[in-house]
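Structural features, examined
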Amino acid sequence: MYPENLKYTSEHEWVRTPGDAAGSVRVGITDFAQDALGDIVYVSLPQVGDAVTAGDTCGELESTKSVSDIYAPVTGEVVATNSALDSTPELVNSDPYEAGWLFEVSVSDASQVDGLMDAAAYQAGLEG
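Residues numbered from 1 in each chain as written. Predicted model: local features only at pLDDT ≥ 70, side-chain atom pairs only at ≥ 80, totals over all residues. Heavy atoms only, no water.

Named according to an unreviewed UniProt entry, the protein chain is Glycine cleavage system H protein originating from Nocardioides renjunii. Recorded under Function (unreviewed entry), the UniProt text for the protein chain is reproduced unchanged: "The glycine cleavage system catalyzes the degradation of glycine. The H protein shuttles the methylamine group of glycine from the P protein to the T protein." UniProt, in its Sequence similarities (unreviewed entry) section for the protein chain, records the words "Belongs to the GcvH family." (UniProt positions renumbered as here; feature names shortened; annotations may be inferred.)

Shown next, in the form of structure tokens:
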């Protein structure tokens, strides 16, 4: 249910290394998060060039149930956003680990990624 090749945060974001750009990571939300949110109808993402800080909010997901903050899992600069979500935000629900990715960050310190949870630790946290 949670891909082994990703890292996870307690705020239900995932991180894939590498992203498309050198030194970057791709960020999205987990299947658990998209299921809890319900049908995503609008996505507000950080802009390319924005500086983000690990643990700080950097966007929002609006669903038919509520609005939920997106938290930066790492510190760095946003180098890409998923423009497909502008017209099809439901990709976050239907394919959260591939087509429904949110943004990419050029990480200021690669060791930050190592400090995130692996799939087993994330799943254990959900069950605990």
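Counted under the stated rule, the structure contains 4 aromatic pairs. Note on Y2 and Y8: the rings are 6.2 Å apart at their centroids and 85 degrees apart in plane angle, and the pair reads as edge-to-face. Here Y2 matches Y8 in class, with each residue buried. The rings of Y2, Y8 and Y122 are connected pair by pair, giving a single aromatic cluster. (Phe/Tyr/Trp six-rings, centres within 6.5 Å; stacked < 30°, edge-to-face > 60°. Buried < 20%, exposed > 50% of the residue type's maximum accessible area, 1.4 Å probe, protein only.)

Attention shifts here to the sheet that holds strand β3 (residues 24-29). A sheet is described by the order of its strands in space; here 6 strands give the open sequence β1-β2-β3-β9-β8-β5, paired in antiparallel fashion. The open sheet is flanked by β1 (7-8) and β5 (51-52), the only strands paired with a single partner. For β5 and strand β8 (residues 76-81), the ladder comprises 2 bridges, and the chain directions are antiparallel. Looking at the pairing, V52 lines up with G76 of β8. (Pairing = 2+ DSSP bridges. Helix = DSSP H or I, 4+ residues; strand = E, 2+ residues; numbered from the N terminus.)

Under the UniProt annotation, the feature "domain: Lipoyl-binding" (unreviewed entry) is placed at residues 24-106. This span, residues 24-106, is 18% helix and 42% strand, and a straight line between its end C-alpha atoms measures 4 Å.

A word on the UniProt feature "modified residue: N6-lipoyllysine" (unreviewed entry) in the protein chain. In this structure's numbering, the residues bearing the UniProt feature "modified residue: N6-lipoyllysine" (unreviewed entry) are K65. Residue placement: K65 occurs in the loop between β6 (57-63) and β7 (67-71). Once you skip the residues sitting within four places of it in the chain, K65 turns out to touch D35, A36, L37 and G38. A distance of 3.4 Å separates a polar atom in the side chain of K65 from the backbone oxygen of A36. (Contact = heavy atoms within 4.5 Å. Polar contact = N/O pair within 3.5 Å; in protein donor to acceptor, adjacent residues only side chain to side chain.)

In terms of nonpolar packing, the biggest core is built from 24 residues, with V25, V43, L61, L102 and F103 touching the most fellow members. For this core, the secondary-structure elements that each account for two or more residues are β3, α1 (31-37), β4 (40-44), β6 and β9 (103-107). When residues no more than four places from it in sequence are discounted, the contact partners of F103 are V25, R26, V27, L45, P46, C58, I70, V78, A80 and T81. (Core = buried A, V, L, I, M, F, W, Y, C linked by side-chain atoms within 4.5 Å.)

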